[in-house]
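Descriptive analysis of the structure
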Amino acid sequence: MTSNSVSDDELAARWSVTAGRSFVFRSLAEETLVFDQASGDTHLLDSAAALVLQLLQGVGLSAGELAPRLMAELSLPADPELAEHLLGVFHELAERDLIELLPDEKRSAEGLANASPPA
Amino acid sequence: MKIRDLTPIELRRRLESAEGLRFHCGPVINALQTTIPAVREGLAIAYADFPLAEPAFADFHVCVAPPVSWRKYLRRQTLFCLDGVSHFEPLPWTQAYPMLEWGLNWCVTSFCHHLLILHAAVVEKGGRALILPGEPGAGKSTLTAALTLLGGWRLLSDEMALLVPADGRVLAIPRPISLKNASLDRVRQWLPDVVMTAPVPDTGKGTVGHVRPPAASVEAMHLSARPAWVVFPRYRAEAATRMAPVSPGNAMMRLVDQAFNYQLHGVDGFRCLSELVQQAPAFEFEYSDIQEALAAFEALATVPAGRAEVMA
């Protein structure tokens, strides 16, 4: 079950590193620098967002699929809200053109965007 | 032999010759031609300690001269040319000397792409380089003048940090320190005997003057240094002296903003700068009192390498 603000479809939509992108990472304590070799842009991410980016290289994952992987990777206690939080990270990374919705999920997302609000 | 060793007649002869006056300027050799007295006089003042170079080779062949037109005689103008080509709009005749300085800056930032170039001043003490990025309103040149003329720091550069991408060393190009507007008076108050070119009013930056760099800094222009600190200065009237740490990540992003040619270096530039911010702690520095500022930087210089101190 999800909160009213996030649908199951959003949690199930798969994201991956934007096609053609490859990155060089440099960890700096709580921050990570990311160099986008395609654009030449440099990004500053917190370590969690940088880890998400690394985990989305070459593979499509949804927030629901990524959450348990992150919990295992970082030895985090179970957190039912983690998947919802990851959606926010996905959107932040997408705004920087670092990740994208996978094609099938794009069509689903457009459908979500055009859906009428609940009565 | 240095420029100061030339007689006025010989200086003029060389400047008006086909070969130009050739002199070392850090990692580059300039060949300068000019018939304009203000340029010759400014050069004699600001570059007095710069060593002459043999005429066989020069990196930049530049010329500051009046245009070949009626503008040579009426509402006179001056041009800056590289290899005989004018790359800029003409400026009023009275701005000929500053035009030389701006033109020489442009030559380095436009063509020395084997180096990663930041808009920053660099000074050195004890073999450790302090990089002062030139964000707007920073007042870096005023602080640089104080550090080098009063604080015993060696001037590597007032305008640009020249980084060797392969190993992160900073090369020295200790050209005259450019001051403008209120900074001119401020520096004269600290040092009434400061050697400076005649201030030129009404430029795009206001009134500008150029301070002769310390002779010892020019003498040591062949010595590079390793970055030990990055300090983002900000002069603010009546502000308390304050040095606060900046995270390496934020320092990196701010340095990228101040880089002239970061994009050209690709991942090598990324590695060079990210290595720099990991090795050199970064700070924001706000000040209004120059003596307190000098003391703060002196305290920074006494901290052993590898440790960072926060000055309240």
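Counting secondary structure elements, chain A contains 5 helices and 6 strands. Put simply, chain A runs from its N terminus to its C terminus through helices and strands in the order α-β-β-β-β-α-β-α-α-β-α. Per-residue burial for chain A yields a buried fraction of 39% across its 119 residues. Once local pairs closer than 6 in sequence are excluded, the contacts in chain A between residues at least 24 apart make up 55%. Summed over its atoms, the accessible surface of chain A is roughly 6700 Å², and 50% of this surface lies on carbon and sulfur atoms.

The next thing to look at is the sheet that holds strand β13 (residues 200–203) of chain B. All names here are of chain B. Strand order in the open sheet formed by 3 strands is β12-β14-β13, with antiparallel pairing between adjacent strands. Since the sheet does not close on itself, it has two edges, and those belong to β12 (177–180) and β13, each with one partner. This sheet shows a mean twist of 35° between the axes of neighbouring strands, independent of strand direction. Here 2 bridges tie β13 to strand β14 (residues 206–211), and the two strands are oriented antiparallel to one another. In the sheet register, V200 faces β14, and the bridge partner there is V208. Packed on one face of the sheet, helix α4 (residues 140–149) meets β12 and β14 and runs near 130° to β12.

On to helix α2 (residues 37–46) of chain B, then. An α-helical turn contains 3.6 residues, so any two residues separated by three or four positions project in the same direction. All names here are of chain B. The complete set of buried residues in α2 reads V39, R40, G42, L43 and A46. One side of α2 holds all its buried residues, which, seen down the axis, span an arc of 165°. On the buried face of α2, the contacting elements are α1 (8–15), β1 (21–25), β2 (28–34), β3 (60–65) and α3 (96–111).

All right, on to the nonpolar core then. Residues and elements named next belong to chain B. In terms of nonpolar packing, the biggest core is built from 38 residues, with L21, F23, L32, L43, Y47 and L100 touching the most fellow members. Elements represented by at least two residues in this core include exactly α1, β1, β2, α2, β3, β4 (77–82), α3 and β10 (160–163). The contact partners of L21, leaving out residues within four places of it in the chain, are I3, L6, L11, R14, L15, N30, A31, L32, L43 and L52. Grouped together as the second largest cluster of nonpolar side chains are 34 residues, A129, A172, V246 and Y262 included.

Right, let's get into the environment of L264(B). Tracing the chain through its elements places L264(B) in helix α8 (residues 262–279). Between the C-alpha atoms of L264(B) and A129(B), which are 135 residues apart in sequence, the distance is 24 Å.

The next point concerns the interface of chain B and chain A. Much of the literature gives interface size as the accessible area that the parts lose upon coming together. Listed per partner, the contact involves 15 residues of chain B and 15 residues of chain A. Summed over both partners, the interface of chain B with chain A buries about 1200 Å², with 63% contributed by carbon and sulfur atoms. Of all residues in chain B, the largest losses of buried area upon contact with chain A belong to M253(B), F270(B) and Q278(B), amounting jointly to 40% of the total for that side. Where chain B meets chain A, there are 1 salt bridge. R26(A) is the salt-bridge partner of E275(B), the closest N and O atoms lying 2.4 Å from each other. Taken together, the elements giving at least two residues each to the side of chain B that touches chain A come down to α7 (248–257) and α8 of chain B. Sort the elements by how many residues they give to the side of chain B that touches chain A and α8(B) lands first, with 9 residues. Of the residues that constitute the side of chain B that touches chain A, the class distribution is 6 nonpolar, 7 polar and 2 charged.

Thresholds applied
- Residues numbered from 1 in each chain as written.
- Chains lettered and ligands numbered in written order.
- Predicted model: local features only at pLDDT ≥ 70, side-chain atom pairs only at ≥ 80, totals over all residues.
- Heavy atoms only, no water.
- Helix = DSSP H or I, 4+ residues; strand = E, 2+ residues; numbered from the N terminus.
- Buried < 20%, exposed > 50% of the residue type's maximum accessible area, 1.4 Å probe, protein only.
- Contact = heavy atoms within 4.5 Å.
- Areas by Shrake-Rupley, 256 points an atom, 1.4 Å probe, with all protein chains shown as cover.
- Pairing = 2+ DSSP bridges.
- Axes fitted to C-alpha atoms, helices over the stretch in contact; angles between N-to-C directions.
- Arc of directions from axis to C-beta.
- Core = buried A, V, L, I, M, F, W, Y, C linked by side-chain atoms within 4.5 Å.
- Buried area = accessible area lost by both parts, 1.4 Å probe.
- Salt bridge = Lys/Arg side-chain N within 4 Å of Asp/Glu carboxyl O.
- Nonpolar A, V, L, I, M, F, W, Y, C, P; charged D, E, K, R; others polar.

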